[in-house]
Structure formats: C-alpha cells, structure tokens
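# Structural overview
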Amino acid sequence: MGATQLYQQVREAFEQRFPGEPPRIFQAPGRVNLIGEHTDYNDGFVLPVAIDRQVVLAARLREDRRVRLWATHFQQGSEFSLDQIVPDASAPWSNYVRGVALMLQQEGFALRGMDAVIAGNVPIGSGLSSSAAIEVATAVAFRDLCHLDIAPVALALLCQRAENEFVGMKCGIMDQFIAVLGQRHHALLIDCRSLDYELVPLPEGVSIVVCDTMKRRGLVDSEYNARRQECEQGVTILREYLPDVKALRDVTSQDLARYGHLLPPVVRKRCAHVVSENERTLQAVAALRAGQVEEFGRLMDQSHVSLRDDYEVSCQELDCMVELARVAPGCLGARMTGAGFGGCTVNLVQTEATEAFTQRVADEYQREMGVKPEIYVCEASAGAGSLSPNPSF
Ligand code: GLA
C-alpha cells in the first residue's frame, strides 16, 4: 500500500472508530541500515537511511486521561489510563505506545488522553524497525498535540528507553534516531557515543534495494541480548590490559591482534566483528563521499561475511538472498541488515539495473527457498513529523 492510500485508510478508520473533529496525522519512517551492524550498543558507528515506508498515526486529544487506540493491521483496539500504565499482553503492539507515554510522564511532561488510530506499511518483524516507528510516531504526536518542549535527540533517546525498559528489548539507539532525524536523499552517519551525526548524500545512479526473505525473526530478543553480554564480557577482559577501553568502540584491530588470544574464542569472534565493522563503516562513508560506490559495495559484502561467521546472526535464508544478489545484474554490494536471524537484506544496485536485479533475485530465491520474497527499491526519506492538516495528493 502506498503512502496516499495509507493516509486515506488511517483517516477513514479514525472517522469510523472515533467520529467527531478530524484528527491530526503524524508519521514515522522505517529504516534500513547500509552498514554498521551491531555496533550501536558498542558506542560505535552506524549508517542508516529512513525509508519511504511509514507508520502513520491519526490522533485527537481527549478531555480526560484515557488513551484509546485502534490498530488497523491487527483490527484490534487497546485502551489505558495515563495514570496507570502497564503492558497489555493481549495487544503487544500497544506496548510501544504505552511505553512512550510512561517515559514522557517520567520525564515530567504533562500529557492529555487521546484517541488514536495506527496504520502502516512497514512490514512487521522483517527488521525494518516498525516498532521504533510506532514509538517515534507516538512521541511526535504527544509532543505536537500537548506542546511539549523536547529536542529531537532527546525524543529518540526517550523512545529507546521505552523499548529497553518497558518492552524489554535492549536495543541500541540507531532505529529511533534515524526515525526522528532521517533526511531525504541522505544516509546518516551516527556516532552512537556522542550522538553527533553527519548527513551523507547518496550518490546519483545507484539505488538501495531491500529484499525481504519472508523469514520472520524468531528468538531475536534472547540472541540479541546474549550478543550484548558477550561484547560486555570482551570489554571487561580487554580493559585489564587496555585501561582506556570503555566500549568496543575504543578497541582497534591492532589491539585485538595483540590481546585477542586472552578472550574466550566466541567472545573473540564477537569482538572481531564489532571492531572491524566500526572500521568498515568509517571507510564506507569515506568511499561514499568520494563517489567510490564499488568500494562501498565491497565493504557491504565484507560486513555480511563478518556478521555470518564472527557474529553469527545470519541464517540460511539471508545467506541465500545475499549470494543470489551478488551475481545478479547491477549489484555492487549485498548484506543482511538489522538484528539478523531473518528479515531483510540491503543491496546497493546500479539504478539502471534495478528491474533486472529484482526479477532475477525474486525468481532465483523462490526457486531455491520455495517462498516468494518481497523486494523494494527504497527512497531515502525524511524523519518523523506531522502531516499538514489537509495534505494534497
Ligand atoms: C536492532 C536494534 C538496533 C541495532 C540493530 C543491529 O535493529 O534495534 O539498535 O542494534 O538491531 O545493528
């Protein structure tokens, strides 16, 4: 479903569920990460893009402190009071909204109740960050409707906290950050320690193609949290020899060559991925700025190998999709994107070849895996915001 239909759908659903004054409409995009995977929670570097797939939220304030929600995708409602926010196991999607409302209030922001309908075309569970998009769309809606004075980076951090503390997924800052601060035609190099960021223009003539393996991520939360612990274990041991190390961000390849043998083998592999991925991400940005798209693609390929062999977060479907992509027309680079264990790959493809690429990869993947993949050519899009009251389309 395209953006125009999405806005229409959310408006109609709102009218039906909550008749009266028309709502205001807010949006937050999904994201795809070009390179810099599993580096954000190691204080490292990431290079995501906000994509032209969004969560939209139609909302109108209420006079009381109730929040009444309806999710078109699940055809399900969920309701709570701002004075007693607890998770709703029967409507897990509502926990992203609940978590954000709770964190805003904990920060001292005065909220009012609202009626809201949530819709979207970010595929769920495919690693394109639909959950961060719900959090950020909610935060932007409360911010604008309740006139909250909250800066963009603070908003992203608050949404991350909602996910860490309320939902229980110990994610890094990348997804919420890019959903708030993404820019059209640009990737964002984010320093996840300082939270400084740089806009990196995407060169002409190449396209970002996302291939969904259709394998939905299972077990991702427990494996993800386990990887975080292994990284922390690496830091604890390395710090005995390198006292300035606060996170894997501070470790170089040379350090690992020298002290790596002191780590348990699995921890050493995890550290090798993170350290090399940080280095690759900075090299990739330099390549992009210099217009060296082949070099950028080569670094993407290396990133996949490292995630597959050292970080061990890939799976058969992702590996198959990446291998097919690499020999498809116009492909400059291919890798898994997001947390892993299923979901999507990201590919850099010569724009003139995108159709041939898409066709070939779709056919071959279906033949090998017996499943039809979804493939999208993505536009780098703007971060979250409010749509004008009557957008013309
Ligand atoms: C998930 C998390 C992010 C990041 C990626 C892996 O998307 O939400 O914070 O850690 O995995 O790079």
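Residues numbered from 1 in each chain as written. Predicted model: local features only at pLDDT ≥ 70, side-chain atom pairs only at ≥ 80, totals over all residues. Heavy atoms only, no water.

### Some words on the site of the ligand
Worth spelling out the cut-off: One heavy atom within 4 Å of a molecule or strand makes the whole residue count as near it. Any pair of N or O atoms that falls within 3.5 Å is considered a polar contact. Within protein, one atom must be able to donate a hydrogen and the other to accept it, and sequence-neighbouring residues count only if both atoms are side-chain atoms. Values of accessible area rely on a 1.4 Å probe in the Shrake-Rupley scheme; residue burial ignores everything except the protein chains shown. Cavity means a closed set of points on a 1 Å grid over the protein atoms alone, one where a 1.4 Å probe fits but cannot get out, pocket means an open set with protein on both sides within 12 Å along at least 5 of 7 lines, and lining means a residue has an atom within 4 Å of a point. Think of it this way: a molecule belongs to a cavity or pocket when more than half its atoms come within 2 Å of the grid points there.
Close to the ligand lie Arg31, Glu37, His38, Asp40, Tyr41, Cys171, Gly172, Met174, Asp175, Tyr224, Gly338 and Ala339, which account for all nearby residues. Contact distances for the ligand include 2.9 Å between an oxygen atom and a side-chain N or O atom of Arg31. The backbone of His38 places a nitrogen or oxygen atom 2.7 Å from an oxygen atom of the ligand. The protein chains hide 97% of the 300 Å² of surface that the ligand would expose on its own. When atoms are counted within 2 Å of each cavity's grid points, the one that captures over half of the ligand is the largest pocket.

### Details of the nonpolar core
Applied cut-off: What makes a nonpolar core is a set of buried Ala, Val, Leu, Ile, Met, Phe, Trp, Tyr and Cys residues whose side-chain atoms join them at distances within 4.5 Å. Burial classes follow relative accessibility: with a 1.4 Å probe on protein chains only, a residue under 20% of its type's maximum area counts as buried, one over 50% as exposed, and anything between as partly exposed. Working definition: helices are DSSP H or I runs of at least four residues, strands are E runs of at least two. Numbering for both runs from the N terminus. Any pair of residues with heavy atoms lying within 4.5 Å of one another is described as a contacting pair.
Within the largest apolar cluster, 84 residues are counted, with the highest numbers of intra-cluster contacts made by Leu47, Phe142 and Phe296. The biggest single contributor to this core is helix α3 (residues 130-145), with 9 residues. Sequence-distant contacts of Leu47, defined by excluding residues within four places in its chain, comprise Asn33, Leu34, Ile35, Ala187, Leu188, Leu189, Val200, Thr281, Val285 and Phe296. Grouped together as the second largest cluster of nonpolar side chains are 27 residues, Leu248, Val267, Cys315 and Met336 included.

### Concerning the layout of surface pockets
Put simply, the rule reads: Grid points are joined across faces, edges and corners, and a volume is the space filled by probe spheres set on the points. In the scheme used here, Gly and all other residues not listed as nonpolar or charged are polar, with Ala, Val, Leu, Ile, Met, Phe, Trp, Tyr, Cys and Pro taken as nonpolar and Asp, Glu, Lys and Arg as charged.
Reported here for the largest pocket is a volume of approximately 990 Å³. As for the largest pocket, its lining consists of 50 residues, of which Ile124, Gly125, Ser129, Ser130 and Ser131 are closest to the centre. Elements that contribute at least two residues to the lining of the largest pocket include exactly β3 (48-61), β6 (114-120), α3, α4 (152-167), α5 (174-181) and α6 (220-241). Per-element accounting of the lining of the largest pocket gives the leading share, 4 residues, to α3. Class assignment of the residues belonging to the lining of the largest pocket gives a composition of 24 nonpolar, 18 polar and 8 charged. As a volume, the second largest pocket reaches approximately 300 Å³. Leu202, Pro203, Val206, Ser207 and Glu379 are, among the 17 residues lining the second largest pocket, the residues nearest its centre. The set of elements that each furnish at least two residues to the lining of the second largest pocket consists of β9 (206-212) and β12 (374-378). Looking at which element gives the most residues to the lining of the second largest pocket, the answer is β9, with 3 residues. Split into classes, the residues belonging to the lining of the second largest pocket amount to 11 nonpolar, 4 polar and 2 charged.

### Some remarks on the packing of aromatic side chains
The line we're drawing: Aromatic contacts are taken between Phe, Tyr and Trp rings whose centres are within 6.5 Å, Trp giving its six-membered ring; a plane angle under 30 degrees counts as stacked, one over 60 as edge-to-face, and the others as tilted. Criterion for a charge above a ring: Arg CZ or Lys NZ at most 6 Å from the ring centre, at most 35 degrees from the ring normal.
Tallied over the entire structure, the rule returns 5 aromatic pairs. Each ring, one from Phe177 and one from Tyr197, has its centre 5.6 Å from the other, and the planes form 75 degrees; the classification is edge-to-face. With Phe177 in helix α5 and Tyr197 in strand β8 (residues 197-201), this residue pair connects regions lying 20 residues apart in the sequence. For Phe177, a relative accessible area of 0% gives the class buried. Over the ring of Trp70 we find Arg17; its NZ or CZ atom is 3.5 Å from the centre of that ring.

### Here's the deal with the packing of helix α2 (residues 94-106) against α4
For any two helices packed against each other, one specifies the crossing angle of their axes together with the interaxial distance. In plain terms, the rule: Each axis is a line fitted through C-alpha atoms, and for a helix only the stretch in contact is used; angles between axes span 0 to 180 degrees, taken between their N-to-C directions. Angular relationships are summarised with four words: roughly parallel below 35 degrees, roughly antiparallel beyond 145, roughly perpendicular across 65 to 115, and oblique for the angles in between. Helix crossings fall into two classes, left-handed where the near helix is turned counterclockwise from the far one by less than a right angle and right-handed where it is turned clockwise.
Axis separation between α2 and α4 bottoms out at 8 Å; the angle between their running directions is 115 degrees. Taken together, the axis directions place α2 and α4 in an arrangement best described as roughly perpendicular. Between α2 and α4 lies a crossing of right-handed hand. Here α2 contributes Asn95, Tyr96, Arg98, Gly99, Val100, Leu102, Met103, Leu104 and Gln106 to the contact with α4, which in turn contributes Leu158, Cys159, Arg161, Ala162, Glu163, Glu165, Phe166 and Val167. When grouped by side-chain class, the residues that make up the contact of α2 with α4 number 10 nonpolar, 3 polar and 4 charged.

### A word on the sheet that holds β9
We count it as follows: Think of it this way: DSSP has to see at least two bridges between two strands before they count as a pair.
Strand order in this open sheet of 4 strands is β10-β11-β9-β12, and the pairing throughout is antiparallel. Each end of this open sheet is capped by a strand with a single partner; those strands are β10 (331-336) and β12. Across the sheet, the axes of successive neighbouring strands diverge by a mean angle of 20 degrees, strand direction being ignored. Both β9 and strand β11 (residues 344-350) contribute to a ladder of 7 bridges, which runs antiparallel. Its bridge partner lying in β11, Val209 is registered against Asn347. Docked against the sheet, helix α10 (residues 316-326) engages β9, β10 and β11, running at close to 175 degrees with respect to β10.

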